[in-house]
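Understanding the architecture of this molecule
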Amino acid sequence: MLNGKQKDIELDPARVPRHVAIIMDGNGRWAKKRMLPRIAGHKQGMDNVRTITRAASDLGVKVLTLYAFSTENWKRPEGEVSYLMSLPVTFFNKFVPELIEQNVKVMIMGDTSMLPASTQKACADAVADTANNTGMVLNFALNYGGRDELVRAAQKLVQRANDGDLQAADVQASDIDAALMTAPLGELADPDLLIRTSGEERISNFLLWQIAYSELVFTDRLWPDFSPDDLKAAFADFAGRDRRFGGIKK
Ligand code: IPE
Ligand code: IPE
Ligand code: MG
């Protein structure tokens, strides 16, 4: 668990994680602490996406995957859900020019067909407007669930089998990779580092297959308060980890 103040952190560029995934949690508690409605926390959280996107891109991250709305978040009160659904519209309207200036490419994963039409359009436009960018991929998980993703992957594989294109005994891990929503990320599909803010230490149905060997960092910081220095501190922690992938230390 990372905590406290971190200043003047020196990072070795060779040890910056290439794919960083963040479970952006704690917006509601941030608002509650200030006697504000929960949606005020979501608004502040959205502004922080802008800050952390810029910081990650500047630090040399290749893919930043942000958990924005889970397949379970529909359980929340209707007013909160509809506010959350409006945030991509606000975010992309405000920040797509900056993302273009930073050469950031937007990607969306999750079942977007269930989102309001205006949200779907804002997402599709942001993806199209940044499609030719060659810098960091900013990958939003929207109406995303790891189990939903695996169910859909299973459906694709069964379909391939039905089509006579695949035999059960021939199924490889790479076939599963290819059927997941992260497939467009190619060799960068698996996060090197997974960060969760707000003090909760659980995965909440995020990237179940892809985090098999991710390094995990949990921090008490609430998402709206998570700063570029906190990101650097997580990267410094990551840089000190010995990733063995089941092997032994060299
Ligand atoms: C994360 O903040 C944002 C979403 C899940 C959409 P929360 O809204 O979960 O904030 P807490 O956990 O209630 O503090
Ligand atoms: C995870 O946070 C989902 C997102 C950050 C989008 P939740 O707040 O929904 O997770 P739980 O309910 O605490 O596990
Ligand atoms: Mg939460």
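Scroll up a little and you will see the structure.
Residues numbered from 1 in each chain as written. Chains lettered and ligands numbered in written order. Predicted model: local features only at pLDDT ≥ 70, side-chain atom pairs only at ≥ 80, totals over all residues. Heavy atoms only, no water.

Digging into the pattern of salt bridges
All told, the structure shown has 22 salt bridges when counted by the stated rule. Note that R18 is salt-bridged to E187, the shortest N-O span being 3.8 Å. With R18 in the segment before β1 (19-23) and E187 in the loop between α6 (173-179) and β5 (193-196), the pair connects residues that are 169 residues apart, well separated along the chain. Residue R29 pairs with E200 through a salt bridge whose shortest N-O separation is 2.9 Å. Residue R29 is found in helix α1 (residues 27-33), and its partner E200 is found in the loop between β5 and β6 (215-218); the two are separated by 171 residues along the sequence. The exposure class assigned to R29 is partly exposed, which follows from its relative accessible area of 32%. Through salt bridges with shared partners, a single ionic network connects D25, R29, R196, E200 and R202. (Salt bridge = Lys/Arg side-chain N within 4 Å of Asp/Glu carboxyl O. Helix = DSSP H or I, 4+ residues; strand = E, 2+ residues; numbered from the N terminus. Buried < 20%, exposed > 50% of the residue type's maximum accessible area, 1.4 Å probe, protein only.)

Let's talk about the nonpolar core
Counting residues in each nonpolar core, the largest one holds 45 residues, and the members touching the most others are I22, F92, I195 and L231. Among the elements of the structure, β1, α2 (38-59), β2 (63-70), α3 (78-101), α4 (117-129), β4 (137-144), β5 and α7 (228-239) are those that each provide at least two residues to this core. Take this core: its biggest share by element is 9 residues, from α3. For I195, the residues in contact, after removing those within four places along its chain, are V20, A21, I22, I23, V217, T219, F226, L231 and A234. (Core = buried A, V, L, I, M, F, W, Y, C linked by side-chain atoms within 4.5 Å. Contact = heavy atoms within 4.5 Å.)

With respect to the site of ligand 1
Neighbouring residues of ligand 1: M24, D25, G26, N27, G28, R29, R38, H42, A68, N73, R76 and L84. Residue G26 places a main-chain N or O atom 3.3 Å away from an oxygen atom belonging to ligand 1. A distance of 3.1 Å separates an oxygen atom of ligand 1 from a polar backbone atom of N27. Its free accessible area being 380 Å², ligand 1 has 86% of it covered by the protein chains. One can see that ligand 1 is located within the largest pocket. Counting residues per element, the ones that place at least two in the shell around ligand 1 are α1 and α2. With 3 residues, α1 is the largest single contributor of residues to the shell around ligand 1. When its residues are assigned to classes, the shell around ligand 1 shows 3 nonpolar, 5 polar and 4 charged. (Near = heavy atom within 4 Å. Polar contact = N/O pair within 3.5 Å; in protein donor to acceptor, adjacent residues only side chain to side chain. Areas by Shrake-Rupley, 256 points an atom, 1.4 Å probe, with all protein chains shown as cover. 1 Å grid on protein atoms, 1.4 Å probe; cavity = no way out; pocket = protein on both sides within 12 Å on 5 of 7 lines; lining within 4 Å. Sits in = over half its atoms within 2 Å of the grid points. Nonpolar A, V, L, I, M, F, W, Y, C, P; charged D, E, K, R; others polar.)

Looking at the site of ligand 2
The local shell around ligand 2 consists of I23, M24, D25, Y67, A68, F69, N73, R76, R196, R202 and S204. Note that an oxygen atom of ligand 2 is positioned 2.8 Å from one of the side-chain N or O atoms of R202. A distance of 2.6 Å separates an oxygen atom of ligand 2 from a polar atom in the side chain of S204. Burial of ligand 2 by the surrounding chains reaches 77%, relative to a free accessible area of 390 Å². When atom positions are compared with the pocket grids, ligand 2 is found to occupy the largest pocket. Residues belonging to the shell around ligand 2 are distributed by class as follows: 5 nonpolar, 2 polar and 4 charged.

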